[in-house]
Amino acid sequence: MTPLAWLAVAAAVGGWLVLRKKESPSAPQLKSRALLVGDSLAVGLGPPLGKALLPAALDSEAHSGSTAKDWLGKFRPALDELLATVKPEVVFVSLGTNDTAPGASVAGLEQRFTELASVVRKAGAAPLFLLPPELPWSRQPVADAVKAAGAVLITPRAGLEHGPDKVHLTGKGYADWAANVAQQLRGGVIGDLPSFLP
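Here the residue numbers are simple positions, counted from 1 along each chain's written sequence. Local features in a predicted model are, by the rule used here, given only for residues with pLDDT of at least 70; side-chain atom pairs are given and counted only at 80 or more, and totals for whole chains, interfaces and linings are based on all residues. Each side-chain value is worked out from all heavy atoms of the structure, with water and hydrogens disregarded.

## Overview of the overall build of the chain
Line of reasoning, step 1. Strands are runs of DSSP state E lasting at least 2 residues, helices are runs of H or I lasting at least 4, and numbering of each runs from the N terminus. Counting its regular elements, the chain contains seven helices and five strands.
Line of reasoning, step 2. Taken from the N to the C terminus, the helices and strands of the chain come in the order α-β-α-β-α-α-β-α-β-α-β-α.
Line of reasoning, step 3. Exposure was quantified through the Shrake-Rupley algorithm and a 1.4 Å probe, taking into account, for residues, occlusion by the shown protein chains and nothing else. In the form shown here, the chain has an accessible surface area of approximately 10500 Å², with 59% of it arising from carbon and sulfur atoms.

In structure tokens form, the structure reads like this:
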């Protein structure tokens, strides 16, 4: 075969190889997984947070009126099952509103948050506690309990739109809260999990 013929064959083969490489599907990318557990604030936050965290996948389980004590008691089997089946990288914990409401005792809250964080860590996930948006009462006991647990506290931006009860948010308020949480994650609040969100 002449040199020109060899060049023609090489060019054809080379073009086919390049074309095949372009057509080959890329390796499947595993989605990061997250779990949200908590009270009525988590009920409202779940849907917009799921959208804000894309492409990560979010599962959620929330019960209105629930406290940290509930999640270590009657909801503990559900929590254990979710941790085992979802296998999340991070677990958002939206609790503390009912634990610190007027008439409630904050005694033991630090211990309960510490135990919850331990349950999450033993499942191989990072506990991320969400400080409630502004409340008619002090949120400081919640912040103190998260600090005692040695966990990450994600503080919402000020001025989120509240509903008439001044505790729960409007639809816009929840959407803005979700966007703010995602923004903080992408900004490096969980530096030990840099691959969780792009």
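## Quick word on the packing of helix H5 (residues 109-122) against helix H6 (residues 140-149)
Line of reasoning, step 1. Every axis in this analysis is a line fitted to C-alpha atoms, fitted for helices over the stretch in contact. Angles between the N-to-C directions lie between 0 and 180 degrees. Two numbers describe how H5 lies on H6: the axes approach to 8 Å, and their chain directions differ by 50 degrees. Taken together, the axis directions place H5 and H6 in an arrangement best described as oblique. Crossing angle aside, the handedness with which H5 passes H6 is right-handed. Residues Leu109, Glu110, Phe113, Thr114, Ala117 and Arg121 of H5 touch H6, and the partners they reach there are Pro141, Val142, Asp144, Ala145, Val146, Ala148 and Ala149.
Line of reasoning, step 2. Three classes are used, and their members are as follows: Ala, Val, Leu, Ile, Met, Phe, Trp, Tyr, Cys and Pro are nonpolar, Asp, Glu, Lys and Arg are charged, and the others, Gly among them, are polar. Tallied by class, the residues present in the contact of H5 with H6 amount to nine nonpolar, one polar and three charged. Roughly parallel refers to an angle under 35 degrees, roughly antiparallel to one over 145, roughly perpendicular to one between 65 and 115, and oblique to any angle outside these ranges. For any helix crossing, the convention is left-handed if the near helix is rotated counterclockwise from the far helix by under a right angle, and right-handed if that rotation is clockwise. Contacts between residues were defined by any pair of non-hydrogen atoms, one from each residue, lying within 4.5 Å.

## Some points on helix H7 (residues 171-186)
Owing to its 3.6 residues per turn, the α-helix aligns residues three or four sequence positions apart on the same side.
Line of reasoning, step 1. Multiplying 1.5 Å by the residue count of a helix minus one yields the expected span of that helix. With 16 residues, H7 ought to run about 22 Å at 1.5 Å a step, and its terminal C-alpha atoms sit 23 Å apart, in line with that.
Line of reasoning, step 2. Turning to H7, its buried residues are Gly173, Tyr174, Trp177, Ala178, Asn180, Val181, Ala182 and Leu185.
Line of reasoning, step 3. After H7 finishes, the residue Gly188 shows a positive phi value of roughly 100 degrees. Here the term buried applies to any residue with accessible area under 20% of the maximum for its type, exposed to any over 50%, and partly exposed to those in between, with areas from a 1.4 Å probe on protein chains only.

## Structural notes on the nonpolar core
Line of reasoning, step 1. Core analysis: the biggest nonpolar cluster contains 28 residues, and Val91 and Phe113 have the highest contact counts within it.
Line of reasoning, step 2. Within the residue set of this core, elements represented by two or more residues are strand E1 (33-38), helix H3 (68-72), helix H4 (76-86), strand E3 (90-94), H5 and H6.
Line of reasoning, step 3. In terms of residue count, the dominant contributor to this core is H5 (six residues).
Line of reasoning, step 4. Excluding anything up to four places from it in sequence, Phe113 contacts Ala68, Leu95, Gly96, Phe129, Val142, Ala145, Val146 and Ala149. To form a nonpolar core, buried Ala, Val, Leu, Ile, Met, Phe, Trp, Tyr and Cys residues must be joined to one another through side-chain atoms within 4.5 Å.

## Section: the packing of aromatic side chains
Line of reasoning, step 1. Aromatic pairing here means that ring centres of Phe, Tyr or Trp (its six-membered ring) are within 6.5 Å. Orientation follows from the plane angle: under 30 degrees is stacked, over 60 is edge-to-face, and everything else is tilted. Throughout the structure, instances matching the rule amount to three aromatic pairs.
Line of reasoning, step 2. Ring geometry for Trp71 versus Phe75: centroids 5.2 Å apart, planes at 50 degrees, classification tilted.
Line of reasoning, step 3. Judged by relative accessible area, which is 1%, Trp71 ranks as buried.
Line of reasoning, step 4. Owing to a relative accessible area of 15%, Phe75 belongs among the buried residues under this scheme.

## Here's the deal with unusual backbone geometry
Line of reasoning, step 1. In this structure, the amide linkage connecting Leu54 to the following residue, Pro55, adopts the cis form with an omega of 10 degrees.
Line of reasoning, step 2. With respect to the secondary-structure elements, Pro55 resides in the loop between helix H2 (40-52) and strand E2 (57-62).
Line of reasoning, step 3. The phi dihedral of Lys87 falls on the positive side, at around 50 degrees, and the residue is not glycine.
Line of reasoning, step 4. Mapped onto the elements, Lys87 comes out in the loop between H4 and E3.
Line of reasoning, step 5. Non-glycine residue Lys166 carries a positive phi angle of around 65 degrees.

## Structural notes on the side chain of Asp99
Line of reasoning, step 1. Tracing the backbone through its elements, the reader meets Asp99 in the loop between E3 and H5.
Line of reasoning, step 2. One buried charged residue, Asp99, forms no salt bridge at all, with the nearest opposite charge on Arg112 at 4.8 Å.
Line of reasoning, step 3. Among the polar contacts made by the side chain of Asp99, one reaches the main-chain amide nitrogen of Ala68 at a distance of 3.0 Å.
Line of reasoning, step 4. Between N or O atoms, a polar contact is any pair within 3.5 Å; within protein, one atom must be a potential hydrogen donor and the other a potential acceptor, and residues adjacent in sequence are included only when both atoms are from side chains. A distance of 3.0 Å separates the side chain of Asp99 from the backbone nitrogen of Gly96, its partner in a polar contact.
Line of reasoning, step 5. If we ignore the near neighbours within four places in the chain, the residues touching Asp99 are Thr67, Ala68, Lys69, Ala104, Ser105, Val106 and Leu109. Charge counting follows a simple rule: Lys and Arg are positive, Asp and Glu are negative, and His as well as the terminal groups are ignored. Any Lys or Arg side-chain nitrogen located within 4 Å of an Asp or Glu carboxyl oxygen qualifies as a salt bridge.

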